[in-house]
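Notes for the structure review
Here is how the chains run, residue by residue.
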Amino acid sequence: MKSTRVALAAFAAVGALTLTACSTADPGETDDTGNTGGEEMTDEGDGGADAGEGLRIGIKFDQPGLGFQDGGDYTGFDVDVALYVTEQLGYSADQIEFVEAPSAQRETMLQNGQVDMIFATYSITDERDEAVDFAGPYFVAGQDLLIRSEDEGTITGPESLDGLDLCSVSGSTSAQRVVDEYAAGANLIEQPGYSECIQFLTGGQVDAVTTDDIILAGLAAAEGSGALQVVGSPFSEENYGVGLPDGSDMCEDINAAIQAMIDDGSWEAAVEANTEGTGYTPNAELNPPEMRGCAS
Ligand code: GLU
């Protein structure tokens, strides 16, 4: 596999892309217990900002423009929404510890108390809603395809994937949709994260990567050479929710905070800052989204 060099170049570009973008928090300053991701929470309750207690927030670490770790900095739209919402809840940025929440581990991390909340391109689905609670949505994306630019016009949507190899991430709605609807055509290769899929695409081991359009746009821009492009024909609606432990009492407050972010212009500014240079425009019919309400 030739991918190490490509990946390093991509992530150098990613750093440049995301450094322009936004807010950061250093987890080293945030946790006076000295704990690192994966250990038990100090805040067992669902409640508000008790003095001195921090929050553990699950984000992605490999999705430039959404949730991205660059040294001790965390950038992207999910990070910006998380920091806005938690500030409204009474937490300062230095009380937040960001923890990696890979697609397949999100429900478990909430159930085990490894994180208090998840802002990680986390689509609200009926199945997930059985296991965890959701506030939001705070963004609506759509599943799309990322291809090598030389295949423009040849791969135009999921129906043109017959006999081709397709990479997606385990535990994502994107991989599940391929299994449910397109398995007869495409050969799905599942990976733990999106950076692995990009390495497979640039290395020629797969013909396309599939997940949400906003994620793919960020990955293509971060790759930096123009070798990858998003097809641009989304074929699903992905409502990004704030994942919460089942039975949480924070949903209403989080929805109010998201609404405040939309109303005061911060939401739009964060979308623009985090998609700048990617060519991505959100679906204006679905964004900014309406809050769906909280289960009682
Ligand atoms: N939004 C989709 C999901 O929640 C795909 C992106 C992701 O893997 O986070 O599964």
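Everything discussed here concerns the structure shown above.
The structure reproduced in this document is the subject of the present report. Along each chain, numbering runs from 1 in the same order as the chain's sequence is written. Only residues with pLDDT of 70 or above have their local features reported here, since the model is predicted, and side-chain atom pairs are shown and tallied only from 80 upward, although totals for entire chains, interfaces and linings are computed over all residues. Think of the side-chain values as coming from all heavy atoms in the structure, minus any hydrogens and water.

1. Side note on the site of the ligand
Put simply, the test is: Summary of the distance rule: residues count as near a molecule or strand when at least one heavy atom falls within 4 Å of that molecule or strand. Each polar contact in these results corresponds to two N or O atoms within 3.5 Å; when the atoms are within protein, one needs to be able to donate a hydrogen and the other to accept it, and residues that are neighboring in sequence are counted only if both atoms are side-chain atoms. A run of H or I in DSSP counts as a helix once it spans at least four residues, and a run of E counts as a strand once it spans at least two, with each numbered from the N terminus. Ten residue types, Ala, Val, Leu, Ile, Met, Phe, Trp, Tyr, Cys and Pro, are classed as nonpolar, four, Asp, Glu, Lys and Arg, as charged, and the remainder, Gly among them, as polar.
Around the ligand there are 16 residues in total, and K60, S103, S123, Y194 and D212 lie nearest to it. With respect to the ligand, the side chain of S123 contributes an N or O atom lying 2.7 Å from a nitrogen atom. At 2.6 Å from a nitrogen atom of the ligand is found a side-chain nitrogen or oxygen belonging to D212. Elements with a minimum of two residues in the shell around the ligand: helix 6 (173-182) and strand 11 (208-212). Residue composition of the shell around the ligand, grouped by class: five nonpolar, seven polar and four charged.

2. Focus: the sheet that holds strand 2 (residues 62-63)
Picture the strands of a sheet paired through backbone hydrogen bonds; they go either parallel or antiparallel. Here is the rule we go by: Pairing between strands is defined by DSSP: at least two bridges between the two strands are required.
Strand order across the open sheet formed by three strands is 2-3-4, with antiparallel pairing between neighbours. The open sheet has two edge strands, strand 2 and strand 4 (73-75), and neither has a second partner. With two bridges joining them, strand 2 and strand 3 (residues 67-70) adopt antiparallel strand pairing. Counted as the bridge partner of Q63 is G67 from strand 3.

3. Some remarks on the packing of helix 3 (residues 77-88) against helix 10 (residues 266-275)
Rules: Think of each axis as a best-fit line through the C-alpha atoms, taken over the contacting stretch in the case of a helix, with angles from 0 to 180 degrees between the N-to-C directions. Oblique is the label for every angle not falling under 35 degrees (roughly parallel), over 145 degrees (roughly antiparallel), or within 65 to 115 degrees (roughly perpendicular). A crossing counts as left-handed when the near helix is turned anticlockwise from the far one by less than a right angle, and as right-handed when that turn is clockwise. In this analysis, two residues are considered to be in contact whenever any of their non-hydrogen atoms come within 4.5 Å of each other.
Packing of helix 3 against helix 10 brings their axes to within 9 Å, and their N-to-C directions diverge by 155°. It follows that helix 3 is roughly antiparallel to helix 10 by the angle criterion. Handedness of the crossing formed by helix 3 with helix 10: right-handed. Across from F77, D80 and Y84 in helix 3, the residues of helix 10 making contact are S266, W267, A270, V271 and N274. Looking at side-chain class alone, the contact of helix 3 with helix 10 contains five nonpolar, two polar and one charged residues.

4. So, helix 7 (residues 194-203)
Think of an α-helix as 3.6 residues a turn; residues three or four steps apart then line up on the same face. Rule in force here: Only protein chains enter the area calculation, which uses a 1.4 Å probe; residues under 20% of their type maximum are buried, those over 50% are exposed, and those in between are partly exposed.
In terms of residue burial, helix 7 counts as a mostly covered element, since seven of its ten residues are buried. Along helix 7, the positions that sit buried rather than exposed are Y194, S195, C197, I198, F200, L201 and T202. Just beyond helix 7, the residue with positive phi is G204, at close to 85°.

5. Comments concerning the nonpolar core
Within soluble globular proteins, side chains that are nonpolar generally end up buried alongside one another. Heads up, the condition is: The set of buried Ala, Val, Leu, Ile, Met, Phe, Trp, Tyr and Cys residues whose side-chain atoms join them within 4.5 Å is what this entry labels a nonpolar core.
Judged by nonpolar contacts, the single largest core of 55 residues is most densely connected at M117, F139 and I254. When residues of this core are assigned to their parent elements, the largest contribution, seven residues, is made by helix 3. In contact with M117, not counting residues within four places along its chain, are L55, R56, I57, G58, T86, L89, L110, V242, G243, L244, M250 and I254. Residues L110, V115, I124 and F134 belong to the second largest nonpolar core, which totals eleven residues.

6. A few points about the pattern of salt bridges
Our working definition: What counts as a salt bridge is simple: a side-chain nitrogen of Lys or Arg found within 4 Å of a carboxyl oxygen of Asp or Glu.
This structure, assessed with the given rule, holds seven salt bridges. R148 is paired through a salt bridge with D151; the nearest N and O atoms lie 4.0 Å apart. In the salt-bridge network here, residues are joined through shared partners; they are R148, E150, D151 and D207.

7. Observations regarding the packing of helix 3 against helix 9 (residues 251-263)
How two helices pack is summed up by the angle between their axes together with the distance between the axes. Remark: helix 3 packs on helix 9, axes separated minimally by 9 Å, with the N-to-C direction vectors making an angle of 115°. As for how helix 3 packs across helix 9, the hand of that crossing is right-handed. Of the residues in helix 9, those in contact with D80, V81, Y84, V85 and Q88 of helix 3 are I254, A257, I258, A260 and M261. When the residues that make up the contact of helix 3 with helix 9 are grouped by side-chain class, the tally is eight nonpolar, one polar and one charged.

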